[in-house]
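Chain and residue survey
Listed below are the residues making up each chain.
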Amino acid sequence: MFDLKFIRENPEAFDKALARRGEEARAEEIIALDTSRRAVQTEAQAAQARRNEASKLIGKAKGQGNEAEAQALMEEVSGLKTRLSEMEEEERALGEKLNNLLMSLPNMVYDDVPDGDSEDDNEEVRTWGKPKPLDFDAKEHFDLGESLGMMDFERAAKLSGSRFVVLKGELARLERALGQFMLDLHTMEHGYTEMLTPAMVRGNALLGTGQLPKFGDDAFQTNTGHWLIPTSEVTLTNLHSDEILDEEDLPLRFTAHSQCFRAEAGAAGRDTRGMIRQHQFEKVELVSVTAPDQSDDELERMLGCAEEVLKRLHLPYRVVKLCTGDIGFGARRTYDIEVWLPGQGKYREISSCSTCGDFQARRMKMRCRPKGEKKTQFVHTLNGSGLAVGRTLIAVMENYQQANGTIRVPEVLKPYMRGVDVIGG
């Protein structure tokens, strides 16, 4: 999570970084726990050394016929054994308490991240394209989909409850086409390696990327102890956990099209109608593993790859840099891409691209070794949506809708739609 040496040497800077996140000062507590744990370790090492020495002296005393001294040494060894067991438990308890505290703290953001309390304080970086004026009242995606008979929330609720949808016919094909188009673009033109990973993971994978322990309520757990992935960021980033990579092989770039599952525990009352915020959705994920000096450039590259999807679809969007009050738990810097939705008359998030520095790598013990060196260093990890498929479907529906309620198919998707030019036509 964090470099303890840095915290010991820079307690004020660490607390200042936490304050930017709205967190209380923690350096003093962390340093106290670390000091106590290290003191126990030192005492245990001394006790173990004395135990080893006394054990050797027992044989010597017996060899010299000094039974009283041998007996005293045996009692000392027995007492040291008991004390070592106690100290082992003390060290474990202190280490667990320290680890739990560190696990609960968010990543330190970069200096250029704007301060703020909410999404209203995010900083607009650029816009692309202009919303096309319509000569009719724009409908939202759920009105369009339901009127076409291709988007069914009622039957989905019968099957699974709220925040699910059933897509039918050409609309289901359109969502499939979007995912295939994104994968083709990222693998054939952007240099990502396509992966197909499990949708269920063990808890340690979510610990590694930062969803656990703090955000367990927002994830689904099975009766086998597995967790359903909230995004394939979890599986892609953990592929090389507990490994030492060769720095010359970096960066590694992965992409995957997966089902994602989120409880949306903190979204009560938000976007309750339609497909904006669902328990199950599809996403094409982008993940990079880099050397520390590569990550800033890699973030800009990843952002460009995600933007290119919207450019090819001719969907207007804007890029914003997230402020301290809106940035994710594990991120040091995040750009959101927000696509224009005519039905809502505003921009909505369709991608987040983040660099996490070594925050996740420390949690999952992922390092790299520079060529010709013995010393290793933690890698940097990055993740981004390239893009959220369901939200891209929404954007296509609303931006390509026609007055009669049909939906034109974007040119770049027509090869995937097998001759369908208009949905509902």
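Per chain, the residues get numbers from 1 upward, laid out in the order the sequence is written. Owing to the predicted nature of the model, reporting of local features is limited to residues with pLDDT of at least 70; listing and counting of side-chain atom pairs is limited to 80 or more, with chain, interface and lining totals taken over all residues. Calculated side-chain values reflect all of the structure's heavy atoms, with hydrogen atoms and water omitted.

As recorded in an unreviewed UniProt entry, the protein goes by Serine--tRNA ligase and comes from Kordiimonas lipolytica. UniProt positions are given in the numbering used here, feature names are shortened, and annotations may be inferred rather than shown by experiment. Checking UniProt for the protein, the heading Sequence similarities (unreviewed entry) contains the comment "Belongs to the class-II aminoacyl-tRNA synthetase family. Type-1 seryl-tRNA synthetase subfamily." In its Subcellular location (unreviewed entry) section, the UniProt record describing the protein reads: "Cytoplasm".

Let us now look at the UniProt feature "coiled-coil region" (unreviewed entry) in the protein. The positions that UniProt labels "coiled-coil region" (unreviewed entry) are, in the present scheme, residues 37-104. A run of H or I in DSSP counts as a helix once it spans at least four residues, and a run of E counts as a strand once it spans at least two, with each numbered from the N terminus. Between the first and last C-alpha atoms of residues 37-104 the distance is 19 Å; the span itself is 94% helix and 0% strand.

When you line up the elements, His279 lands in the loop between strand E8 (252-261) and strand E9 (280-290). The contact rule is simple, with two residues in contact once any of their heavy atoms fall within 4.5 Å. Sequence-distant contacts of His279, defined by excluding residues within four places in its chain, comprise Ser162, Arg163, Phe164, Phe220, Cys260, Phe261, Arg262, Ala263 and Glu264.

Our next topic: the sheet that holds strand E12 (residues 346-355). One bridge is not enough; two strands pair if DSSP finds at least two bridges between them. Here we have 8 strands laid out as an open sheet, ordered E1-E10-E11-E12-E15-E9-E8-E4, and mixed in their pairing. Each edge of the open sheet is held by one strand with a lone partner, namely strand E1 (123-128) and strand E4 (193-194). Across 2 bridges, E4 lies against E8 in parallel orientation. Within E8, the position partnered with Thr193 by the bridge is Phe254. Axis angles are defined between N-to-C directions and span 0 to 180 degrees, where every axis is a line fitted to C-alpha atoms and, for a helix, only to the segment in contact. Across the sheet, helix H10 (residues 295-313) touches E1, E8, E9, strand E10 (317-321), strand E11 (333-341), E12 and strand E15 (380-388), and the angle it forms with E15 is around 5°.

The salt bridge definition used is simple: a Lys or Arg side-chain nitrogen within 4 Å of an Asp or Glu carboxyl oxygen. Under the counting rule described, the total for this entry stands at 31 salt bridges. Taking the shortest distance from any N to any O, the salt bridge between Asp112 and Lys321 comes out at 2.7 Å. With Asp112 in the loop between helix H4 (67-103) and E1 and Lys321 in strand E10, the pair connects residues that are 209 residues apart, well separated along the chain. Owing to a relative accessible area of 9%, Lys321 belongs among the buried residues under this scheme. In this structure, a network of salt bridges that share partners links the residues Arg8, Asp34, Arg37 and Arg38. Buried residues are those whose accessible area, probed at 1.4 Å on protein chains only, stays under 20% of the maximum for their type, while exposed residues exceed 50% and partly exposed ones sit between those limits.

Where burial is concerned, most of helix H12 (residues 389-399) is hidden: 11 out of the 11 residues are buried. By the burial criterion, the buried members of H12 are Val389, Gly390, Arg391, Thr392, Leu393, Ile394, Ala395, Val396, Met397, Glu398 and Asn399.

On to the layout of surface pockets. There is about 440 Å³ of room inside the second largest pocket. Put simply, the grid is 1 Å and covers the protein atoms alone, a cavity is a trapped set of points that fit a 1.4 Å probe, a pocket is an open set with protein on both sides within 12 Å along at least five of seven lines, and lining residues have an atom within 4 Å of a point. Taken together, 21 residues line the second largest pocket, and the ones lying closest to its centre are Met1, Asn99, Arg362, Arg363 and Lys365. Broken down by secondary-structure element, the contributors of at least two residues to the lining of the second largest pocket are H4, helix H8 (203-209) and helix H11 (359-364). Here the lining of the second largest pocket takes 5 residues from H4, the largest share from any one element. Classes in brief: Ala, Val, Leu, Ile, Met, Phe, Trp, Tyr, Cys and Pro nonpolar; Asp, Glu, Lys and Arg charged; the others, Gly included, polar. Of the residues assigned to the lining of the second largest pocket, the class counts are 9 nonpolar, 6 polar and 6 charged. Grid points are joined across faces, edges and corners, and a volume is the space filled by probe spheres set on the points.

Now for the pairing of E12. Counting buried positions over the 10 residues of E12 gives 7, a clear majority of the element. Taken together, the 9 bridges between E11 and E12 define a ladder with antiparallel strand orientation. When the sheet's bridge partners are listed, Glu338 is paired in E12 with Glu349. Between E11 and E12, which pair antiparallel and follow one another directly, the connecting turn spans 4 residues, one of which, Gly345, has a positive phi of 70°. Relative to E15, E12 is paired through 3 bridges, and the arrangement is antiparallel. For Thr355, the partnering residue across the bridge sits in E15 and is Leu382.

Think of it this way: a Phe, Tyr or Trp ring, Trp meaning its six-membered ring, pairs with another when their centres are within 6.5 Å, and the plane angle makes it stacked under 30 degrees, edge-to-face over 60, tilted otherwise. The full count for this structure, using the stated rule, is 7 aromatic pairs. Measuring from centroid to centroid gives 5.7 Å for Phe2 and Phe359, while their planes differ by 70°, and the two rings are edge-to-face. Here Phe2, found in the segment before helix H1 (4-9), pairs with Phe359, found in helix H11; they are 357 residues apart in sequence, far enough to count as distant. Here Phe2 matches Phe359 in class, with each residue buried. Ring geometry for Phe329 and Phe359: centres 5.8 Å apart, planes at 75°, overall edge-to-face. Of the two residues, Phe329 sits in the loop between E10 and E11 while Phe359 sits in helix H11, which places them 30 residues apart along the sequence. Overall, the relative accessible area of 0% leaves Phe359 in the buried class. Above the face of the Tyr110 ring, Arg332 is positioned so that its terminal group lies 4.2 Å from the ring centre. Comment: the charge-over-ring label is applied if NZ (Lys) or CZ (Arg) is within 6 Å of the ring centre and within 35 degrees of the ring normal.

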